[in-house]
Amino acid sequence: MHSVARVARRTFTVLAFESSADDSCAALVTSSRKILANVVIKQDKLNASFGGIHPYIALDQHQSNLPVALRTALNEAKLSVSDVDGIAFTRGPGMGGCLSVSMNAAKALAAAHNKPLIGVHHMQAHALTPFLTLPEDQVPQFPFLTLLISGGHTLLLLAKSQTNFKIIATAADENIGRALDKGARALGLPPTGAALETFCASEEPSQPLPTGFSFVLPMPRQLSFSYAGIRSQLQRHVHLLNEHYGGQTAAWSGLPHFPGDAIPAPIPQHHEHVGNEHREALRSLARLYQRAAFQHLCEKVGLALRWCREQLEPSNERVQALVVSGGVASNLLLRTMLQDELDKHEPGLPLRCPPPAMCTDNAAMIAWASMHRFIAGDRDDFSIKLRPTWSLDELEIPEQGTQGTWPPTQPKPSKLSITK
């Protein structure tokens, strides 16, 4: 019989799955912070075809990709499922259908191989990623301020422990990752923040913008984010630029020969060629938009640092670091702007970010976020349900019938009454 208590004295190895959005991920991580394998299979080309993530297509691709990710991870780690000590998966938040692919895989393997199972909060995993990826002398100490930024979340939190998070600010409408993705699409780029960053970082010369092109940042001096208005301003500016330079159109065609082709889904083809001046004016606008989006973040970080000082001063505590994670945290301009903000408000306060490749969704962070529970002998029952909507400040609220020690007690067979 597999026992968590028995393996806690040696290195504990976790197999983890992540499929909360469009990336199919499998990883193997040890309690000594060693990543044995970390496989991510992306759907970027399909996302570009739809102008973003299509829930049905993402689910269909996870069903094909996750077994491949698992097999690849096991091969890279030179392990079999029977060699691992526990199995973890992303329980939420995320897209329900996509989440179910990882949960079902984890439950089936845990049941078949008699392994303990744990469901993990996706954003908790992002917040704890620096504990896995940074050198030991740079691992943040509690309490710290954390900024979690992705397509689905824009959160400022005070982290007091691995499971204790106080929400300071969240998005009133659109999250920053979605705003960057849709902004890239409006500019005629693939619909990803990474494409926008690459376009802005090009060394091509900029074309001066016509007078009046600027961005008004919403909710000044308030601990709340809002990106819908900033993106609307971008779309208006793009329209004015297109009129100024003679227009810009896109060709669309139906989606051929794809599973589930009853779904009407146009494919955006390449935009018609634009002149060099037009393209460089769009690049100037993209740079202005990206900086405005990040300046909105920076202003809120400054407000949150002041809020933390007021809250922690009575207990003679202070935040020990600013931890930034989530897909948007991989942007190098953002890191520079956040460092400038810290130098202005909290000189000497360290900025801690995972390596860019570990900011985006991956299963290694899921494995690590489950590790403290596995080591403590904890686990979740096989009856555990998904939580597509799940606030981080609910992590410490116990859930009846979903936690305990491993192995679980076997239920007694029920007596059946058979009537002839």
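Note that this is a predicted model, so its numbers are computed, not measured.

The rules we used
Residues numbered from 1 in each chain as written. Predicted model: local features only at pLDDT ≥ 70, side-chain atom pairs only at ≥ 80, totals over all residues. Heavy atoms only, no water. Helix = DSSP H or I, 4+ residues; strand = E, 2+ residues; numbered from the N terminus. Polar contact = N/O pair within 3.5 Å; in protein donor to acceptor, adjacent residues only side chain to side chain. Contact = heavy atoms within 4.5 Å. Buried < 20%, exposed > 50% of the residue type's maximum accessible area, 1.4 Å probe, protein only. Pairing = 2+ DSSP bridges. Disulfide = S-S within 2.5 Å. Axes fitted to C-alpha atoms, helices over the stretch in contact; angles between N-to-C directions.

Visitor: Would you explain the side chain of Ser20 in this entry?
Guide: The topology assignment puts Ser20 in the loop between strand E1 (13–18) and strand E2 (24–30). Looking at Ser20, its side chain comes within polar contact range of the side chain of His122, at 3.4 Å. Aside from chain neighbours lying at most four places away, what touches Ser20 is Thr90, Pro93, Gly94, Met95, Cys98, Leu99, His122 and Asp361.

Visitor: Can you help me understand the side chain of Thr154 in this one?
Guide: Among the secondary structure elements, Thr154 is positioned in strand E7 (residues 154–159). Separated by 3.0 Å, the side chain of Thr154 and the backbone nitrogen of Ile176 make a polar contact. Once residues lying within four places of it in the same chain are set aside, the contact partners of Thr154 are Leu148, Ile149, Ala169, Thr170, Ala171, Asn175, Ile176, Phe225, Tyr227 and Leu297.

Visitor: What is the right way to look at the environment of Ile35 in this model?
Guide: For Ile35, the position within the fold is in strand E3 (residues 35–41). The partly exposed category is assigned to Ile35, whose relative accessible area is 34%. Residues Ile35 and Ala367, spaced 332 residues apart in sequence, show a C-alpha to C-alpha distance of 9.5 Å. In contact with Ile35, other than residues within four places in its own chain, are Leu28, Val29, Leu132, Met358 and Ala364.

Visitor: Honestly, the sheet that holds E7 in this entry has me stumped. Any pointers?
Guide: Two modes of strand pairing occur in sheets, parallel and antiparallel, and in both the strands are linked by backbone hydrogen bonds. With mixed pairing, the five strands of this open sheet are ordered in space as E8-E7-E6-E11-E12. Each edge of the open sheet carries a strand with a single partner, namely strand E8 (165–169) and strand E12 (351–352). The sheet contact formed by strand E6 (residues 144–149) and E7 spans six bridges and is antiparallel. Pairing of Thr146 across the sheet is with Leu157, part of E7.

Visitor: Sorry if this is basic, but what is going on with the state of the cysteines here?
Guide: Think of a disulfide as a covalent bridge from one cysteine sulfur atom to another cysteine sulfur atom. Evaluation of the coordinates by the stated rule reveals zero disulfides. Residue Cys353 stays outside any disulfide, its sulfur separated by 6.4 Å from that of Cys359, the closest cysteine. The class of Cys353 is buried, set by a relative accessible area of 13%.

Visitor: So what exactly am I meant to see when it comes to unusual backbone geometry here?
Guide: The bulk of non-glycine residues show a negative phi, and the bulk of peptide bonds are trans. For the bond from Gly92 to Pro93, the omega torsion is -10°, close enough to zero to count as cis. In the segment running from Phe142 into Pro143, the intervening peptide bond is cis, with an omega of -5°. For Asn114, which is not a glycine, the phi torsion comes out positive at approximately 55°. Its location among the elements puts Asn114 in the loop between helix H4 (96–113) and strand E5 (117–121). Here Asn114 falls in the partly exposed class, since its relative accessible area comes to 28%.

Visitor: Please clarify how the sheet that holds E3 should be interpreted in this entry.
Guide: Read across the open sheet, the five strands follow the order E3-E2-E1-E4-E5; overall the sheet is mixed. Only two strands of the sheet have a single neighbouring strand rather than two, namely E3 and E5. On average, each strand axis in the sheet is tilted by 20° relative to the strand beside it, whichever way the strands run. Contacts from H4 reach E1, strand E4 (86–92) and E5 within the one sheet, and its direction differs from that of E4 by about 155°.

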